[in-house]
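# Structural features, examined
Residue-level listing of the chains:
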Amino acid sequence: MLPQTNPKKLSVIVLCVVLLSILVFGFYKYYVVAIKLIETEKELASTIENFKLFQQKVFELQASLLQLSQDKENQSKAYQDELKDADKKVQDLKKLTETDPQLLAKYSKVYFLNENYAPPSLVSIDEKYLDDTSKPQEIHKEVEKYLKRMLGRALRSGIKLTVTSAYRSFSDQFSLKAGYKVTYGAGTANQFSAEQGYSEHQLGTTVDLNYASTTAFVNFENSDAYKWLLDNAYKYGFVISYPKGNVYYQFEPWHWRFVGLELAHDLHEDDQYFYDLSQRDINKYLLNFFD
Ligand SMILES: [Zn+2]
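Residues numbered from 1 in each chain as written. Predicted model: local features only at pLDDT ≥ 70, side-chain atom pairs only at ≥ 80, totals over all residues. Heavy atoms only, no water.

It is worth spelling out the overall build of the protein chain at this point. The helix and strand tally for the protein chain stands at seven helices and six strands. Going from N to C terminus, the protein chain has its helices and strands arranged as α-β-β-α-β-α-α-β-α-β-β-α-α. For the protein chain, the C-alpha radius of gyration of 49 Å lies well beyond 19 Å, the compact-globule estimate for 291 residues. In terms of its C-alpha atoms, the protein chain occupies a principal-axis envelope of roughly 180 × 40 × 35 Å. Here the protein chain holds 291 residues, and the buried ones make up 34% of them. Looking at charge distribution, the protein chain has the averaged site of its 34 positive side-chain charges lying 10 Å from that of its 38 negative ones. (Helix = DSSP H or I, 4+ residues; strand = E, 2+ residues; numbered from the N terminus. Rg over C-alpha atoms; globule rule 2.2 N^0.38 Å. Buried < 20%, exposed > 50% of the residue type's maximum accessible area, 1.4 Å probe, protein only. Lys, Arg positive; Asp, Glu negative; His and termini not counted. Charge placed at Lys NZ, Arg CZ, Asp CG, Glu CD.)

The structure is reproduced here in structure tokens:
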């Protein structure tokens, strides 16, 4: 015989069991959800971490792409510079082979010009700059414009310079020297006139100048013209070959040789004379001789 159960007590027990079950179930569900949440959070964190790593990789890739394109650009620039350099060297070489090395050669009793040497092209000097219009004078074609500029500038400054002698061939020089020897005797003639083959006049780049008020170089040394030449000739590429006190020939204040603007400027600036430099140093100026 089962004990008599109070129905009220029973329903309380049932209620308690139901409530307890709900509570346990609730806790269980909460636990499951909480676990899920933690897992999801972990996954999210890991995804974020992966994303960050991915982003980092993208940045790195972008940086290396940029570097690569910069490297390529630099490489192509360096290549272009190299090409330009090579091109310049070729142009310079071409220019050098076209420039007559005799134009800057030193001529003395040791170094002399071949008797067959003649400038490639000669032109007549404007009559208005001739000392004697009955004696036409010729000069190297490329040097003529520099001479004209110099004489023109001198004239505008009130200095009337004229050309007594410019290009002289080997035979001209021979005749001139023979004439001097007859007039002055060999010893004296040697002091002021180069032997044929030594003369800078054979180059076609050298002129003997005279001042309107003087005759045949007399007192040229003390003329305004000589002073003007000393101050200005270098601006037109001309230098005095045989200055006072030189050991090559007697002092020739009227004898001026074209050596190019660059060398003439440097000689003037350094207070040096053409024949004082070594041939090796002089030859460096050959490249820009006519510039
Ligand atoms: Zn001369």
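Continuing now.
Turning our attention to the pairing of strand 4 (residues 206-211). One face of the sheet, then the other: side chains in a regular strand alternate in exactly this way. Of all the six residues making up strand 4, six are buried; the element is thus mostly covered by neighbouring parts of the structure. Here strand 4 shows no split at all, with Thr206, Asp208 and Asn210 on one side and Val207, Leu209 and Tyr211 on the other all buried. Pairing of strand 3 (residues 161-165) with strand 4 involves four bridges; the strand directions are antiparallel. By the bridge assignment for strand 4, Val163 is matched with Leu209. (Pairing = 2+ DSSP bridges.)

So, about the side chain of Glu144. In this fold, Glu144 is placed in helix 2 (residues 144-156). Discounting chain neighbours no more than four positions away, the residues touching Glu144 are Val123, Ser124 and Ile139. (Contact = heavy atoms within 4.5 Å.)

It is worth spelling out the nonpolar core at this point. Core analysis: the largest hydrophobic core is formed by 52 residues, its most contacted members being Met150, Leu161 and Phe238. Among the elements of the structure, helix 2, strand 3, strand 4, helix 5 (224-232), strand 5 (238-240), strand 6 (255-258) and helix 6 (261-270) are those that each provide at least two residues to this core. Examining the composition of this core, we find that five residues originate from one element, helix 2, more than from any other. Not counting the four nearest positions on each side in its chain, Phe238 is found in contact with Val143, Tyr146, Leu147, Met150, Thr205, Val207, Ala233, Trp256, Arg257, Phe258 and Ala264. (Core = buried A, V, L, I, M, F, W, Y, C linked by side-chain atoms within 4.5 Å.)

Think of it this way: four donors in a tetrahedron around the metal ideally sit 109.5 degrees apart, and six in an octahedron ideally sit 90 or 180 degrees apart. Coordination of the zinc ion by the protein is provided by His201 (NE2), Asp208 (OD), Asp208 (OD) and His255 (ND1), with metal-donor distances spanning 2.0 to 2.8 Å. One can describe the donor arrangement at the zinc ion as irregular, given that its four donor atoms subtend angles of 51 to 156° at the metal. Sequence spacing of the donor residues for the zinc ion, all on one chain, is H-x6-D-x46-H. Side by side, His201 and Asp208 carry an identical accessibility label, which is buried. (Donors = N, O, S within 2.8 Å, 3.2 Å for Na, K, Ca; no water. Tetrahedral: all angles 85-135°; square planar, octahedral: opposite > 155°, others 65-115°.)

With that settled, the discussion passes to helix 3 (residues 170-184). Here helix 3 contains 15 residues, and its C-alpha end-to-end distance of 21 Å stays within 8% of the 21 Å for a straight helix at 1.5 Å per residue. Among the residues trailing helix 3, Gly185 stands out with phi positive, at a value near 90°. (Expected span 1.5 Å × (residues − 1).)

This next bit is on the sheet that holds strand 5. Strand-to-strand pairing in sheets goes through backbone hydrogen bonds, with the strands running parallel or antiparallel. The sheet built from four strands is open, its strands ordered 3-4-6-5 with antiparallel pairing. Edge strands, defined here as strands with exactly one partner in the open sheet, are strand 3 and strand 5. Strand-to-strand twist across the sheet, computed as the mean angle between neighbouring axes with direction ignored, equals 45°. Pairing geometry for strand 5 and strand 6, over three bridges, is antiparallel. Bridged to Phe238 within strand 6 is Phe258. Helix 2 contacts strand 3, strand 4, strand 5 and strand 6 of the sheet and is inclined by roughly 140° relative to strand 3. (Axes fitted to C-alpha atoms, helices over the stretch in contact; angles between N-to-C directions.)

Interfaces are often described in size by the accessible area the parts lose on coming together. Split by domain assignment, the protein chain resolves into domain 1 (1-98) and domain 2 (101-283). Here the C-alpha centroids of domain 1 and domain 2 sit 87 Å apart. (Domains from an automatic or database assignment.)

Applying the stated criterion across every chain, the model contains nine aromatic pairs. When the ring of Tyr226 is compared with that of Phe251, the centres are 5.9 Å apart and the planes differ by 70°; the resulting orientation is edge-to-face. Linking Tyr226 in helix 5 with Phe251 in the loop between strand 5 and strand 6, this pair joins segments that are 25 residues apart in sequence. You can call Phe251 buried: its relative accessible area is 17%. With a centroid separation of 4.7 Å and 85° between ring planes, the pair formed by Phe289 and Phe290 is classed as edge-to-face. Among the residues examined, Phe289 registers a relative accessible area of 1% and is labelled buried. (Phe/Tyr/Trp six-rings, centres within 6.5 Å; stacked < 30°, edge-to-face > 60°.)

Here Leu261 lies in helix 6. Relative accessible area serves as the criterion here: at 23%, Leu261 is assigned to the partly exposed category. When the C-alpha positions of Leu261 and Phe238 are compared, they lie 7.7 Å apart, and in sequence the two are 23 residues distant. What Leu261 contacts, discounting residues up to four positions off in sequence, is Tyr146, Tyr234, Lys235, Tyr236, Gly237, Phe289 and Asp291.

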